[in-house]
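Remarks on the overall topology
Below, each chain spelled out in residue letters.
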Amino acid sequence: MKRLSRPSRRRALGLLAASPFVQLYSSPSDAGPLDSIRAVPSLGALAANRGVLFGTAFDVNALTDPALAALTVHHARILTTDSSMKFGALRPQEGPANFTSADRLVAFAASHNLPLRGHTLIWNEWNPAWLGKLSSARIGYWLDRHIDEVVSRYAGKIAVWDVVNEPFWPGHGKPGGFRDGPWFSALGKGYVLRALKRARAADPGCKIAINEAGPEFERSFGHAAPLRSVLLQLIDEAQDAGVRLDCIGLQGHWFPQFEFEPQGFRAFLAALAKRGVAIHLTELDVDDSKIGGSVADRDREVARRYAALITAALTEPKVEAILTWQIADGESWIVHDPKMWAAPDRAPRPLPFDAALQPKAAYHALARVFAATR
């Protein structure tokens, strides 16, 4: 499937500087394009008004693209790694890990004094083929070794680790609703608490998190209610076993088939808060592939959904951080996956800024919610 080409960054900066919205907040007329980026009110600064950290995922593109880096740093008060710290990225072959890209991401966050969420140590998806060919004992060895090496390498540099990502997928039909994959197949559900303990030992100073997809929505992958109940049960089991769990990440990917009900979401957040865990919304974006109408119509509906989710989330004091999964459409995994496109000439627009780094209706919606008086 052919996709629309991403605008060149030079053209993107030209479009950004010409944006009527940006001109409203413009610096002096001789300001350069990066000054125009910084002239747009920072979502991070506005979110601080509501007592939360706003942030975004980022990856190596932000290290080589000055405009994207400027946009990221201007708006983010917390960052999360996108793909460069996943098991498959660090260990494409069995043996020593390749930390080249991960080291650069950590250095970037540190250079801008931004706390960093490490994503992710253990996930039953996105693993290299070699892992699934090993014996159960050997897979257990790699779980322990990987966590020990990665967490200790970045001790003191990672604020929060997504130790286990998406432990549940009731559609796989496994006991307890767990997601199938090499870790679960080899070690059973005990792999989760094993991973949490191992990460805590490797860096006692960082926060330890479980990151899950779907329980934010009343209907997500056809099983929102089971996702909520099994996640709460897992938290209870960890706490009963004396395993410290600091944070729960709720991803917030809003797909076309999902149904959001604010009251149910707030009740779920309250149940999490009752268990004493911090709450991060970690991977927000809105898939507009089945939203009809013009680009402006789609953007307005995407914005409405951002506002609905964030407004409900901000009623819970234990929500500490809200992050989008990348900051601009050109970096979105939805845009980069042709299967997610509704038509070859209909580029998805899931994020607050477009591919030319211009603020969209979703940006304005977030800004209004964050700026509202508590």
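Scroll up to find the structure this text is about.
From a predicted model like this one, the values you see are computed outputs, not experimental measurements.

This next bit is on the pairing of strand β5 (residues 207-212). Counting buried positions over the six residues of β5 gives five, a clear majority of the element. Here five bridges tie strand β4 (residues 160-165) to β5, and the two strands are oriented parallel to one another. Following the sheet pairing, V160 is matched in β5 by K207.

With that out of the way, let us pick up helix α14 (residues 262-274). Residues lying three or four places apart along an α-helix face the same way, a consequence of the helix completing one turn every 3.6 residues. Spanning 13 residues, α14 covers 18 Å between terminal C-alpha atoms, matching the ideal 18 Å at 1.5 Å per step. Those residues of α14 not exposed but buried are G264, F265, F268, L269, A271, L272 and A273. Of the residues flanking the start of α14, the one acting as N-cap is E261, its side-chain oxygen 3.1 Å from the backbone nitrogen of Q263. Once α14 ends, the next one or two residues include G276, with phi positive near 80°.

So, about unusual backbone geometry. Residue T120 follows H119 across a cis peptide bond; omega there is -10°. By the secondary structure assignment, T120 is in strand β3 (residues 116-123). Even without being glycine, N113 reaches a positive phi, approximately 55°. Counting through the fold element by element, N113 comes out in the loop between α8 (100-111) and β3.

Further remarks concern the nonpolar core. By size, the foremost hydrophobic cluster in this structure holds 107 residues, and its most contacted members are W161, L272 and F370. Sequence-distant contacts of F370, that is, excluding residues within four places in its chain, are made with L43, L46, A47, N49, R50, V52, F54, I310, L314 and I322.

Remark: the empty space left among the atoms is shown by a probe the size of a water molecule rolled over them. Approximately 730 Å³ is the volume found for the largest pocket. Along the wall of the largest pocket there are 34 residues; nearest its centre are K86, W123, H253, W325 and W333. The residue makeup of the lining of the largest pocket, split by class, is 13 nonpolar, twelve polar and nine charged.

The next subject is the packing of aromatic side chains. Enumeration over the complete set of coordinates arrives at 17 aromatic pairs. Ring centres of F87 and W183 lie 5.4 Å apart, and the angle between their planes is 80°; this geometry places the pair in the edge-to-face category. One end of the pair, F87, is in helix α7 (residues 87-90); the other, W183, is in helix α11 (residues 182-187), with 96 residues separating them in the sequence. Across this residue pair, the class does not change: F87 and W183 are buried. Among the aromatic residues, those joined into a cluster by ring pairs are F217, W254, F255, F258, F260, F265 and W333. Positioned over the ring face of W126 is K86, at 5.1 Å from the centre of the ring.

It is worth spelling out the side chain of D162 at this point. Along the polypeptide, D162 turns up in strand β4. In this structure the side chain of D162 is engaged in a polar contact, spanning 3.0 Å, whose partner is the side chain of H119. If near-sequence neighbours (up to four positions away) are discounted, D162 is found in contact with R117, G118, H119, T120, L121, A209 and N211.

Tallied over the entire structure, the rule returns 25 salt bridges. The salt bridge partner of D246 is R200, with a shortest N-O separation of 2.4 Å. With D246 in the loop between α13 (224-240) and β6 (247-250) and R200 in helix α12 (residues 190-202), this pair connects stretches of sequence that are 46 residues apart. R200 shares its class with D246; the two are buried. Taken together, the salt bridges that share partners define one network made up of D144, D148, R194 and R198.

Take S332: it is sitting in the loop between β9 (319-324) and α16 (333-336). Classification of S332 by relative accessible area gives buried; the value is 0%. A polar contact is formed between the side chain of S332 and the backbone nitrogen of I334, at a distance of 3.0 Å. Sequence-distant contacts of S332, defined by excluding residues within four places in its chain, comprise P350 and L351.

Moving on: the environment of L272. Its place among the elements puts L272 in helix α14. Its relative accessible area of 0% is what places L272 among the buried residues. L272 sits 25 residues away from C247 along the chain, and the two C-alpha atoms are 9.4 Å apart. Apart from residues no more than four positions distant in its own chain, L272 is found in contact with L232, I235, I248, L250, V277 and I279.

With five of six residues buried, strand β1 (residues 53-58) lies mostly within the body of the structure. For β1 and strand β2 (residues 78-81), the ladder comprises four bridges, and the chain directions are parallel. From the neighbouring strand, G55 faces β2, where its bridge partner is I78.

Conventions we followed
Residues numbered from 1 in each chain as written. Predicted model: local features only at pLDDT ≥ 70, side-chain atom pairs only at ≥ 80, totals over all residues. Heavy atoms only, no water. Buried < 20%, exposed > 50% of the residue type's maximum accessible area, 1.4 Å probe, protein only. Helix = DSSP H or I, 4+ residues; strand = E, 2+ residues; numbered from the N terminus. Pairing = 2+ DSSP bridges. Expected span 1.5 Å × (residues − 1). Polar contact = N/O pair within 3.5 Å; in protein donor to acceptor, adjacent residues only side chain to side chain. Core = buried A, V, L, I, M, F, W, Y, C linked by side-chain atoms within 4.5 Å. Contact = heavy atoms within 4.5 Å. 1 Å grid on protein atoms, 1.4 Å probe; cavity = no way out; pocket = protein on both sides within 12 Å on 5 of 7 lines; lining within 4 Å. Points joined across faces, edges and corners; volume = space filled by probe spheres on them. Nonpolar A, V, L, I, M, F, W, Y, C, P; charged D, E, K, R; others polar. Phe/Tyr/Trp six-rings, centres within 6.5 Å; stacked < 30°, edge-to-face > 60°. Lys NZ or Arg CZ within 6 Å of the ring centre and 35° of its normal. Salt bridge = Lys/Arg side-chain N within 4 Å of Asp/Glu carboxyl O.

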